[in-house]
Amino acid sequence: MTEKITAVKGMNDVLPKDSYLWEWLEAQVRDLMHAYAYSNIRTPIVEPTALFVRGLGEVTDIVEKEMYSFEDRLNGEQLTLRPEATAGVVRSVVENNLLYDAPRRLYYMGPMFRHERPQRGRYRQFHQMGAEALGFAGPELDAELILMAHALWQHLGLKDVRLELNSLGQPPERAQHRQALIAYLQDHAQLLDEEAKRRLHTNPLRILDTKNPDLQGLVNAAPRLIDFLGQTSLAHFESLKAILDANGVAYTLNPRLVRGMDYYNLTVFEFVTQSLGSQGTLCGGGRYDYLIEQLGGKPAPAVGWAFGVERVLELIKAQGLAQSVAPLDCFAIVPQAQSFPVVFKAVESLRRLGLKVQMHAPSLGQAKPEEGKLASLDDKTPWQHVGSMKSQFKRADSSGAMYALIFGSDELATGCVTVKSLRDGQGLQRVELLKDIDQWGKALQSSLHPKS
Ligand code: ATP
Ligand code: MG
């Protein structure tokens, strides 16, 4: 047999057993975004490498070791599969002059690519859903975004999600802190790992974001940015906290929270959980008031967040919060192949009324002639082997449908169909006239979906 080709390590298929949950989450998030007046933006997956080098910072984990970069074979351009979406959104906002008359609230969903060591909750192709508010300077938008994420966790019913909050201040405050941090780290140079030594003078703040457990003690005792903030930065932070307090959003102040990209200033935050082991950060975000200018736009402030879809779905599954199969209303049982023309007409009518209907159809297994027997000319053609009533009922049962519609020869001879409940435990059934299908179909639809 020819050798199989398998997926790239760390890049996963979303299979039918999970894809309904993905679609469901996407729908919930779309509704949430619309409720807060955020519009959808879709930017390319491939961007110029320079966008991320300039936007995220040269001395960051992502740019130093995680990007999928390549040269365009035809024109030699340096390109990268996006590792995150904020830089691309800002590029697009600048390029299309989206801030010329008013600020913007935008959201996106899609795949991101980082060359990391694949493990639970950490993949090389993963997915994010994110929101960005561009052109707003005040703490109200920091609050709006945090409240929006909080509302999503509440709506999904997630338990054990905690908000961590910090402020990184403004560039002059960062510069002062940087001096103190370098001095502190130099005093403890013997404790630094190779990466930290390398970053000591290029990007010491990144050392605080290290994942090396041996450095945690050092990091915990390091000078804290929050102690370097001036009045204006502190006032911004206090106003944000006041809105969160007034709205019952609990948070923990974490002076160690610095995030992994260079573009952040003032507010940064993460939503974390204990329930997913070491990959416990669900969502991260913050202010990035200088990124637009850095990417060639007219200076404008901005703030945003993104959450990891795989991690949120894993939490939803772990906490048993959503059904994982698409709901089905009816399963049409078709004992004779010659009934299909009539059956189609009926199930099409029901679908037009909004009912979800799966029709039985012969499958490959049933089309095979009996073992050891050659198909003879008198045999039915393969597609006429519709399968026994018993096997069709089994499929109807496992399909999750609420009702079986039985299109037997007796029924069809009298212009009828039997509608049999599959879920009431007693198999209650009634016979309906096909000519009245719009009437009883509508009644069936509203009994199954009272709201729609
Ligand atoms: P981590 O510290 O776990 O590496 P991060 O700080 O690199 O996360 P962000 O760049 O802030 O993550 O991305 C926001 C969210 O995207 C994360 O909180 C996480 O839920 C998700 N995420 C990031 N990297 C991955 C990955 N490799 N696989 C799956 N999800 C990821
Ligand atoms: Mg990371």
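Up top is the structure.
Residues numbered from 1 in each chain as written. Chains lettered and ligands numbered in written order. Predicted model: local features only at pLDDT ≥ 70, side-chain atom pairs only at ≥ 80, totals over all residues. Heavy atoms only, no water.

## Some remarks on the packing of aromatic side chains
At step 1: In the structure shown here, the tally under the stated rule is seven aromatic pairs.
At step 2: Considering the side-chain rings of Trp305 and Phe307, the 6.1 Å spacing of their centres and the 35° angle between planes classify their relative orientation as tilted. There is no split in this pair, since Trp305 and Phe307 are both buried.
At step 3: Counting every residue linked through ring pairs, the aromatic cluster contains Trp153, Phe269, Phe271, Trp305 and Phe307. (Phe/Tyr/Trp six-rings, centres within 6.5 Å; stacked < 30°, edge-to-face > 60°. Buried < 20%, exposed > 50% of the residue type's maximum accessible area, 1.4 Å probe, protein only.)

## What about the site of ligand 1?
At step 1: Lining the immediate surroundings of ligand 1 are 16 residues, of which Arg114, Glu116, Arg122, Tyr123 and Arg259 lie closest.
At step 2: Arg122 places a polar side-chain atom, nitrogen or oxygen, 2.8 Å from an oxygen atom of ligand 1.
At step 3: Measuring from an oxygen atom of ligand 1, one finds a backbone N or O atom of Leu282 at 3.0 Å.
At step 4: Bound to the protein, ligand 1 loses 92% of the 580 Å² it would expose on its own.
At step 5: Counting residues per element, the ones that place at least two in the shell around ligand 1 are strand 6 (125–134), strand 10 (281–287) and strand 11 (302–308).
At step 6: Sort the elements by how many residues they give to the shell around ligand 1 and strand 10 lands first, with three residues. (Near = heavy atom within 4 Å. Polar contact = N/O pair within 3.5 Å; in protein donor to acceptor, adjacent residues only side chain to side chain. Areas by Shrake-Rupley, 256 points an atom, 1.4 Å probe, with all protein chains shown as cover. Helix = DSSP H or I, 4+ residues; strand = E, 2+ residues; numbered from the N terminus.)

## Comments concerning the sheet that holds strand 1 (residues 39–40)
At step 1: Ordered in space as 1-5-6-11-10-9-7-8, the eight strands form an open sheet in which the pairing is mixed. Edge strands, defined here as strands with exactly one partner in the open sheet, are strand 1 and strand 8 (252–253).
At step 2: Direction of pairing for strand 5 (residues 104–113) relative to strand 6: antiparallel, over a ladder of ten bridges. When the sheet's bridge partners are listed, Arg105 is paired in strand 6 with Ala133. (Pairing = 2+ DSSP bridges.)

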